[in-house]
Amino acid sequence: MTSLGTMWEIARREIRERGRSKAYLLTSLITLLLVIGIIVVPTFIGREADEHTVGSIGEGNAEIVQAAEQIGNAAVEPGDDPNVVIEIVVFEDRETANAALESGEIDVLLVDGEEMVTEGGTGFFGSSLARLLQRGAATVELEKLVAESGEAATEVIDVMTSDPLELSSLSGEDPSDETGTIIAYVGLMLLYVAILLYGTWILTGVTEEKTNRVVEVLLSSVKPWQLLAGKIMGIGLLGIGQFGLTIVVAAVAIQITGAFDLPELPIEGVINLLVWFVLGFLLYAVIFGAAGSLASRMEDAQTAALPVTALAVIGFFVSITSLDNPDGLLATVGTFVPLTAPFVVPVRAALGSIEVWEYVLAVLITIGTIVGMVFVAGRVYAGGILQFGGKIKLRDAWRSAGQ
Amino acid sequence: MLKVQDLHKNFGDIVALDGCGLTVPRGGMLGFLGPNGAGKTTTMRALFGLVRPDSGTITWDGEPIGHRERLRFGYMPEERGLYPKMKAHDQLAYLGRLHGQSKIQASEAADYWLDRLGLAERSTDPIEALSHGNQQRVQLAAALIHDPDLLVLDEPFAGLDPIAVETMSEALREQAAKGKAVVFSSHQLDLVEDLCEDVVIINEGRVVVEGRVTSLKDAAPIRHLELELEVEGDADELLATLDGVRATSFDGRRHTVLIDADSDLRGFLARAQDAGRLRHFSYTTPSLTDLFREAVQ
């Protein structure tokens, strides 16, 4: 049998045995149910409006609340349910109002259209109401100023909530199109989960073969690198299958329920993600494989893989930073560091803020690292895989394979 | 023919092999013996490239061994290992495929060996559901699945019940009769004596004894003496008058004495008869166990 045939045979075993295992079927099922749940359930429940209650003492509060409500619902099409509903409760004196604020009966208290009182810190969600009211108050002030010109309040609000500047970009893309951001964000999550999940399969798969000693039988007829490569191939295909199925099911569910306005997926976006899934998975899989060969017991496997996992986490956080600042120094450095590139480059590419030469260079660096790692990790694997008993030192594994 | 010559291997400061060697012709069965830690497993692993010797040569039919030659070898490692959750048949067929068999060949061979070893009904059971003895049988089948020219078995009889030992012995005899070269290690020396014409005994990585079992016995400068005495007085005192005693043991009834081959027994026999009754007397060439003990002490 050819080398490729042997690798394919090993890959097939992984696909057959793992694909039939309860663990695989269960995680696939749970992921599918989760995805379907996230998409389908909200369409049954429908969208709830944010409901707030504002206390009022004195004059001039109702206009502010009305303006705030209008601003909050500026994006709602006429005839649809509102996003924000604000109810006003009028109080005669400050004590009762304070008591109501403390008991949580009202969220915020407005005094004479000039003062806003909260119970404690506003917190994350409270602040959105506070911000709305501030903008509402500003609008009312503005309205007074422009009253002489004869404009009506609603027109002032229209102006304030519209984007009067016409937006265009040099590249000709529509800058308000958020597809790129969505792909970057969702893609990053998918890449991170997939690379770590399937990388861990490689890790435990390799250690497992050592623990149950089947590796000695296998290596009497198969070369170490064939065994590792076949395993990576099999688990990689299994992973692509699982993720592919999830994405297809998600797309179908969205089509049927009409839950989201599905942006038309640009082909380059999908290719970009696929390229980096393959590159990132290969890179991490090879290193995880070497780490797995250094452990003799399952308990040691996670420890051996800790440095690798840490690198992936760093890559993930660098990438999160790049989402906000895709041209920043960190993002640029992360582009050319092999272990962070699989997370950073696809995000920058999806946001359209990477130069072609940067992209190509990053791909080349990553491919070069994979090739280098195949030799380095392959040698560590070959040296570590047949040493039993405790944790094998990286240096010992390296040396023993070189002899 | 498998020829291993002058293997050396150090693990750090530890000398594992120090000039070890062995030869097995096609159709021959070699017992590869030695105390624990003598280097048997290291030698066997070296045959499969699992250990790289520091120096020495390993040839098959006069040619150095590479990956392609190894596909024609079958190996049963000391530490048994199969995928616990994989079905017996699938496991064997998979290993057959890795050795270059076609799908149909591998599947048929798996069926044949499971049937042959009395496991036909367990073929769809996962390995972990089988008893220890049955797992051993599958492990043997794993070494035989691709009809190898050379069979290397590390302690194939360890932990087997007498019936399983019988099955295993029969399978090995059959392989040798078919013209395969068979080499196995074992501590069950009676069994080795029964199965093998030739043995190699190694100690501390070196060959200390090798050759045909019968010639080794004849040539050995020791004899095996068994006595059952009924004497008034002390039997040990009587035994002490023997010349050239190497070792004695007593099982409550019989004395077993390892003695120089040129010792004079006539005087002793006369004294024994004077002292009482000699109920049993046997004087034979040494057993393999005796040779082994002499060689490694």
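Residues numbered from 1 in each chain as written. Chains lettered and ligands numbered in written order. Predicted model: local features only at pLDDT ≥ 70, side-chain atom pairs only at ≥ 80, totals over all residues.

**Side note on unusual backbone geometry**
Where we set the bar: For the purposes of this entry, the term helix denotes a DSSP run of H or I that reaches at least four residues, the term strand denotes a run of E that reaches at least two, and both are numbered from the N terminus. Whether a residue is buried, exposed or partly exposed follows from its count of other C-beta atoms within 10 Å of its own C-beta, namely 20 or more, 12 or fewer, or something in between, respectively; the C-beta atoms are built from the backbone.
In this structure, R213(A) is a non-glycine residue whose phi angle is positive, near 65°. Here R213(A) lies in the loop between α7 (179-211) and α8 (214-219). On the basis of neighbour counts, which here come to 16 C-beta atoms within 10 Å, the residue R213(A) falls in the partly exposed class. Phi is positive for E155(B), close to 55°, though the residue is something other than glycine. Looking at where E155(B) falls in the secondary structure, it is placed in the loop between β7 (150-154) and α6 (162-177).

**A few points about the interface of chain B and chain A**
Stated precisely, the cut-off is as follows: A residue pair is marked as a contact if its C-beta atoms, positioned from the backbone, fall within 7 Å. We call Asp, Glu, Lys and Arg charged. Ala, Val, Leu, Ile, Met, Phe, Trp, Tyr, Cys and Pro are nonpolar, and the rest, Gly among them, are polar.
Each side of the interface is counted separately: chain B has 22 residues, and chain A has 18 residues. Residue assignment for the side of chain B that touches chain A shows that the elements contributing at least two residues are α2 (67-70) and α3 (88-98) of chain B. Counting residues per element, the side of chain B that touches chain A draws most heavily on α3(B), which supplies four residues. Considering only residue class, the side of chain B that touches chain A consists of 13 nonpolar, four polar and five charged.

**Here's the deal with the sheet that holds strand β4 (residues 115-117) of chain A**
Residue and element names in this part refer to chain A. The condition that has to hold: Only strands joined by at least two bridges in the DSSP assignment are considered to pair. The axes are straight lines fitted to the C-alpha atoms, using for helices just the contacting stretch, and the angles between their N-to-C directions are given from 0 to 180°.
Spatial ordering of the open sheet is given by β2-β1-β3-β4, a layout of four strands whose pairing is mixed. The strands lining the two open edges of the sheet, one partner per strand, are β2 (84-90) and β4. Strand after strand, the sheet turns through a mean of 30° between neighbouring axes, direction not considered. Where strand β1 (residues 50-57) lies against β2, seven bridges are found, and the strand directions are parallel. Each residue of the ladder has a partner; that of S56, found in β2, is V90. Where helix α4 (residues 94-103) meets the sheet, it contacts β1, β3 (108-111) and β4, and its direction lies at approximately 160° from that of β1.

**A short note on the domain arrangement of chain B**
Residues and elements named next belong to chain B. Convention followed: Domain start and stop points were drawn from an automatic or database domain assignment.
Partitioning chain B into domains gives domain 1 (2-216) and domain 2 (220-296). A straight line from the C-alpha centre of domain 1 to that of domain 2 covers 38 Å. Each partner contributes to the interface: domain 1 provides twelve residues, whereas domain 2 provides eight residues. Looking at the side of domain 1 that touches domain 2, the elements with two or more residues in it are α7 (189-195), β9 (198-203), β10 (206-212) and α8 (213-219).

**Concerning the pairing of strand β4 (residues 55-60) of chain B**
All names here are of chain B. Pairing of strand β1 (residues 2-11) with β4 involves five bridges; the strand directions are antiparallel. Bridging across to β4, V4 finds its partner in I58. As paired elements, β4 and strand β5 (residues 63-64) share two bridges and run antiparallel to each other. Counterpart to W60 in the pairing with β5 is E63. Hairpin remark: β4 followed by β5, antiparallel, with two residues in the connecting loop; positive phi at D61, about 55°.

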